[in-house]
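# Chains, contacts and geometry: an overview
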Amino acid sequence: MPCNVILLLEGEEEIGSPHIADFKRANKEILKADLVVTADGPRHASGAPLIKFGSRGEVTFELRYRHASRDLHSGNFGGVVPNPIWTLVHLLGTMRNADGEITIDGFHDDIEPPSKEDLAAVERLPLDIGELMRNLNLARLDAPKERPFYERLCFRPTLTINGFMAAMAGLAVRPSCPAKLL
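Now for a quick tour of the structure. (Residues numbered from 1 in each chain as written. Predicted model: local features only at pLDDT ≥ 70, side-chain atom pairs only at ≥ 80, totals over all residues. Heavy atoms only, no water.)

### What about the pattern of salt bridges?
To be explicit about the condition: Take a side-chain nitrogen of Lys or Arg and a carboxyl oxygen of Asp or Glu: if they are within 4 Å of each other, that pair is a salt bridge. The classification of residues rests on relative accessible area computed with a 1.4 Å probe and restricted to protein chains. Under 20% of the type maximum is buried, over 50% is exposed, and intermediate values are partly exposed.
Inspection of the entire model under this criterion finds six salt bridges. In this structure, E29 and K32 form a salt bridge, with 3.5 Å as the shortest nitrogen-oxygen distance. This pair shows no difference in class: E29 is exposed, exactly as K32 is. In this structure, R156 and E151 form a salt bridge, with 2.7 Å as the shortest nitrogen-oxygen distance. The partly exposed category is assigned to R156, whose relative accessible area is 29%. Residue classification places E151 among the buried positions, given a relative accessible area of 15%.

### So, the side chain of E151
Stated formally: Where helices and strands are cited, they refer to DSSP runs of H or I of at least four residues and of E of at least two residues respectively, numbered from the N terminus. Polar contacts here mean pairs of N or O atoms no more than 3.5 Å apart (in protein, one a potential hydrogen donor and the other a potential acceptor; neighbouring residues in sequence count only if both atoms are side-chain atoms). Contacts are assigned to residue pairs that have any heavy atoms within 4.5 Å of one another.
Structurally, the position occupied by E151 is in helix α6 (residues 149–155). A polar contact of 2.7 Å, which involves the side chain of E151, links it to the side chain of R156. Beyond its immediate sequence surroundings of up to four residues, E151 is in contact with L119 and R156.

### Looking at a nonpolar patch on the surface
Rules: Candidate patch residues must exceed 30% relative accessible area and have no salt bridge, after which like charges are joined if within 9 Å and Val, Leu, Ile, Met, Phe, Trp or Tyr side chains if within 5 Å. Here the open area of atoms and residues is found with the Shrake-Rupley method and a 1.4 Å probe, where only the protein chains shown may cover a residue.
A cluster of nonpolar residues, I85, W86, V89, I161 and F164, forms a patch on the protein surface that exposes about 490 Å² of accessible area. Within the secondary structure, W86 is located in helix α3 (residues 84–93). What makes W86 exposed here is its relative accessible area of 52%.

Structure, rendered in structure tokens:
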């Protein structure tokens with residue numbers, strides 16, 4: 001071929017690709033490219049492959065919150081000591097409203113709106129929303145409903161919670177036994 005082809009197979013995508021950034025930083029020179037093709041993504045419902053001209057990026061972060069200096073039993077402290085999980089739930093609830101709008105200050109500042117050509121291109125894409133919903137067993141699509149499907153998918157950022165873990169350190173589970181008063 002009259003050009004160089006670099007093939008990078010990355011098998012950690014489903015666990016957040018924890019090593020790809022370090023690999024990229026360590027191999028900048030050999031990974032220089034004019035075009036990147038990724039095989040990740042669905043086929044169209046018709047079975048035809050799709051060509052994407054870009055992907056939305058991703059920022060990941062972990063939130064941790066603690067009120068007390070140690071774990072506390074809810075039977076002894078619930079309703080008195082603030083619960084860190086509820087604090088996080090309320091914080092997350094401020095980041096996106098019920099209309100599907102992301103409410104974080106500055107979040108939308110550097111987003112380029114789609115051009116007329118971009119919007120015209122996605123208007124030509126075939127879409128059967130009813131079939132999509134049946135195929136995924138969905139009762140509804142996410143908000144905002146008034147914004148067209150492909151405009152949301154291709155040109156708007158999303159704020160997605162991909163995991164939530166609340167730990168109870170030192171919890172011991174024992175079979176129930178009758179209590180004795182001594």
